[in-house]
Amino acid sequence: MSIANNKKAFHDYFIEDQIEAGLVLEGWEVKAIRAGRVQLKEAYIHWKKGAFYLVGSHITALPEASTHVKPDPVRQRKLLLKQSEINKLIGKVERSGYTLVPLNLHYARGKIKMDMGLAKGKKQHDKRQASKEKDWQREKQRIMKNV
């Protein structure tokens with residue numbers, strides 16, 4: 001079941017590979033995510049000190065869930081990956097043009113997981129072409145429905 005999607009990632013990037021990762025979260029963050037108060041729009045994934053971190057995601061604290069803690073809604077959150085996955089991703093990210101972007105947050109067996117994509121940036125003309133294809137598919141469906 002999906003919690004939050006990053007639609008902007010599919011608009012701005014060609015997604016070549018998807019990997020599922022866990023997140024290191026605090027208690028107030030889990031409650032806020034379960035309430036749907038999370039945003040991945042401007043988020044990205046950064047490699048630092050031997051681990052990948054989710055940077056720029058915004059989790060708004062619930063007023064009743066964080067009375068004794070001073071919550072930081074945009075703090076960096078560590079991603080939980082196996083060492084083999086980390087090594088594979090480092091090799092691909094080090095090449096030019098590749099980046100890691102968060103795609104969505106979802107539940108997996110009661111835990112909050114994140115899908116991240118190995119992506120290559122789109123140029124402006126690629127975005128226009130994708131928009132034209134999407135419009136054509138929509139128009140084609142409309143025509144087929146009326147026939």
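Structure's up top.
Here's a quick rundown of the structure.

## What about the pairing of strand 2 (residues 13-23)?
When strand 2 meets strand 9 (residues 111-121), the two strands line up antiparallel, connected through 9 bridges. Its bridge partner lying in strand 9, Gln-18 is registered against Gly-117. Alignment of strand 2 against strand 7 (residues 77-80), held across 2 bridges, turns out to be antiparallel. Across the sheet, residue Gly-22 finds its bridge partner in strand 7, namely Leu-80.

## A closer look at the pattern of salt bridges
Under the counting rule described, the total for this entry stands at 7 salt bridges. Among the salt bridges present, the one from Lys-8 reaches Glu-42, with a minimum N-O distance of 3.1 Å. Of this pair, Lys-8 sits in helix 1 (residues 7-12) while Glu-42 sits in the loop between strand 3 (38-39) and strand 4 (44-48), and the two are 34 residues apart along the sequence. In this structure, Glu-139 and Arg-142 form a salt bridge, with 2.9 Å as the shortest nitrogen-oxygen distance. Remark: Arg-142 and Glu-139 occur in helix 4 (residues 124-146); sequence separation between them is 3 residues, near one turn of the helix. Judged by relative accessible area, which is 32%, Glu-139 ranks as partly exposed. Ionic contacts of the salt-bridge type, sharing partners, join the residues Glu-26, Glu-29, Arg-75 and Arg-77 into one network.

## Notes on the sheet that holds strand 1 (residues 2-5)
The antiparallel open sheet is built from 7 strands, whose spatial order is 1-8-9-2-7-5-4. Since the sheet does not close on itself, it has two edges, and those belong to strand 1 and strand 4, each with one partner. The sheet shows a mean angle of 40° between the axes of neighbouring strands, direction not considered. Pairing of strand 4 with strand 5 (residues 51-55) involves 5 bridges; the strand directions are antiparallel. Counterpart to Trp-47 in the pairing with strand 5 is Phe-52.

## Considering the packing of aromatic side chains
The full count for this structure, using the stated rule, is 1 aromatic pair. Geometry around Tyr-53 places Lys-48 over its ring, the cationic atom sitting 5.4 Å from the centre. Against the face of Tyr-98 rests Lys-120, its NZ or CZ located 4.3 Å from the ring centre.

About the criteria used
Residues numbered from 1 in each chain as written. Predicted model: local features only at pLDDT ≥ 70, side-chain atom pairs only at ≥ 80, totals over all residues. Heavy atoms only, no water. Pairing = 2+ DSSP bridges. Helix = DSSP H or I, 4+ residues; strand = E, 2+ residues; numbered from the N terminus. Salt bridge = Lys/Arg side-chain N within 4 Å of Asp/Glu carboxyl O. Buried < 20%, exposed > 50% of the residue type's maximum accessible area, 1.4 Å probe, protein only. Axes fitted to C-alpha atoms, helices over the stretch in contact; angles between N-to-C directions. Phe/Tyr/Trp six-rings, centres within 6.5 Å; stacked < 30°, edge-to-face > 60°. Lys NZ or Arg CZ within 6 Å of the ring centre and 35° of its normal.

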